[in-house]
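Chains, contacts and geometry: an overview
One-letter residues, chain by chain:
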Amino acid sequence: NSRTGTTKQIIGPDGKLVTRTKPLTEFQGKSAAFGDRAMAADAILGQIGENYSPTAINAKMSAEDMPLIGGALGAVGNALLSEGDQQVEQAQRDFINATLRQESGAAIGAGEFINAKKQYFPQPNDGPKVLSQKAANRKLVIEGFKRSAGANAEFTDSAQQPTGADGWTVTPIGQ
């Protein structure tokens, strides 16, 4: 693997060994790295489930955006968040940064970040259908990263993606 220096055996959904023929391009490597981040963030959200407060996270993020005193207010707000809230906020940031960086490659503006947060993550008073739609949007982003990374890409176990969830199994050789 060009990213980790390890060799892995990859079994495709058909049960056959996937053979690598050439290294990833720069774009494919970045897609795989961003995909790893998006999968890890989505896995954290799945583990925490509904055990966090979108309202508390939004309030903290709004406070830290205030001119001059935002840094201090953000620190106080962070101290008031539960551990689950803090994990979700970090996962949201990682998912959004990976997604927007891949899309544009440019610096991510505050307005663009807020819009993506509303697009992909639960907001106060979202109904069940909207929550399902947002979860499906996150899955689409992850699948897009996989397609962009190409058939030769590997996704790390650190992404905490359930093994075999999409029919693929990745294991280090010799284990």
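Described below are features of the structure shown in this document. Please read all numbers here as calculations on a predicted model, not as lab measurements.

Re the overall build of the protein chain
When helices and strands are tallied, the protein chain shows 6 helices and 2 strands. Within the protein chain, buried positions represent 37% of all 175 residues. For the protein chain, the proportion of contacts with a sequence separation of at least 24, taken over those separated by at least 6, is 71%. Just so you have it, the protein chain exposes about 10,100 Å², and 56% of that area is on carbon and sulfur atoms.

Side note on a nonpolar patch on the surface
A cluster of nonpolar side chains, contributed by Met66, Leu68, Ile69 and Leu73, occupies part of the molecular surface with about 430 Å² of accessible area. Counting through the fold element by element, Ile69 comes out in the loop between helix 2 (54-64) and helix 3 (70-80). Classification of Ile69 as partly exposed rests on a relative accessible area of 45%.

Here we look at the side chain of Asp42
The topology assignment puts Asp42 in helix 1 (residues 26-48). Residue Asp42 is classed as buried on the basis of its relative accessible area of 8%. Within the local environment of Asp42, its side chain forms a polar contact with the side chain of Lys139, the two groups lying 2.5 Å apart. In this structure, Asp42 is in contact with Arg138, Lys139 and Ile142, ignoring residues within four places of it in sequence.

Notes on the nonpolar core
Residues Val88, Phe95, Ile96, Tyr120, Phe121, Ala153 and Phe155 are the most contacted members of the largest nonpolar core, which totals 28 residues. For this core, the secondary structure elements donating two or more residues are helix 1, helix 2, helix 4 (83-104), helix 5 (110-120) and helix 6 (128-149). Val88 has contacts with Leu45, Ile48, Tyr52 and Ile57, leaving out every residue within four places of it along the chain.

Here's the deal with the environment of Ala91
One can find Ala91 in helix 4. Taking the relative accessible area as the measure of exposure, Ala91 reaches 0% and is therefore buried. On a C-alpha basis, the gap between Ala91 and Ala41 in space is 4.4 Å, while along the polypeptide they are 50 residues apart. Once residues lying within four places of it in the same chain are set aside, the contact partners of Ala91 are Ala41, Ile44 and Leu45.

Comments concerning the pattern of salt bridges
Taken as a whole, this structure holds 10 salt bridges when the rule is applied. Here Glu64 makes a salt bridge to Lys60, at a shortest N to O gap of 3.2 Å. Of this pair, Glu64 and Lys60 both sit in helix 2, 4 residues apart, roughly one helical turn. Its relative accessible area of 24% is what places Glu64 among the partly exposed residues. For Lys60, the salt bridge goes to Glu89, with nearest N and O atoms at 3.0 Å. A residue pair is termed long-range when its members are at least 10 positions apart, and Lys60 in helix 2 and Glu89 in helix 4 qualify at 29 residues. Of the two residues, Lys60 and Glu89, neither departs from the other in class, the shared state being buried. A single network of salt bridges, built from pairs that share partners, joins Lys60, Glu64, Glu89 and Arg93.

What to know about the environment of Glu26
Mapped onto the secondary structure, Glu26 falls in helix 1. The exposure class assigned to Glu26 is exposed, which follows from its relative accessible area of 61%. The spatial distance from the C-alpha of Glu26 to the C-alpha of Ala149 is 9.5 Å, given a sequence separation of 123 residues.

So, helix 1
Helix length check: helix 1 (23 residues) gives 33 Å between terminal C-alpha atoms against 33 Å at 1.5 Å per residue, within 8%. Immediately beyond the C-terminal end of helix 1, within one or two residues, lies Gly49, with a positive phi of roughly 60 degrees.

Rules behind the numbers
Residues numbered from 1 in each chain as written. Predicted model: local features only at pLDDT ≥ 70, side-chain atom pairs only at ≥ 80, totals over all residues. Heavy atoms only, no water. Helix = DSSP H or I, 4+ residues; strand = E, 2+ residues; numbered from the N terminus. Buried < 20%, exposed > 50% of the residue type's maximum accessible area, 1.4 Å probe, protein only. Contact = heavy atoms within 4.5 Å. Areas by Shrake-Rupley, 256 points an atom, 1.4 Å probe, with all protein chains shown as cover. Patch = residues over 30% accessible without salt bridge, like charges linked within 9 Å, V, L, I, M, F, W, Y side chains within 5 Å. Salt bridge = Lys/Arg side-chain N within 4 Å of Asp/Glu carboxyl O. Polar contact = N/O pair within 3.5 Å; in protein donor to acceptor, adjacent residues only side chain to side chain. Core = buried A, V, L, I, M, F, W, Y, C linked by side-chain atoms within 4.5 Å. Expected span 1.5 Å × (residues − 1).

All we've got here are geometric facts, nothing functional implied.
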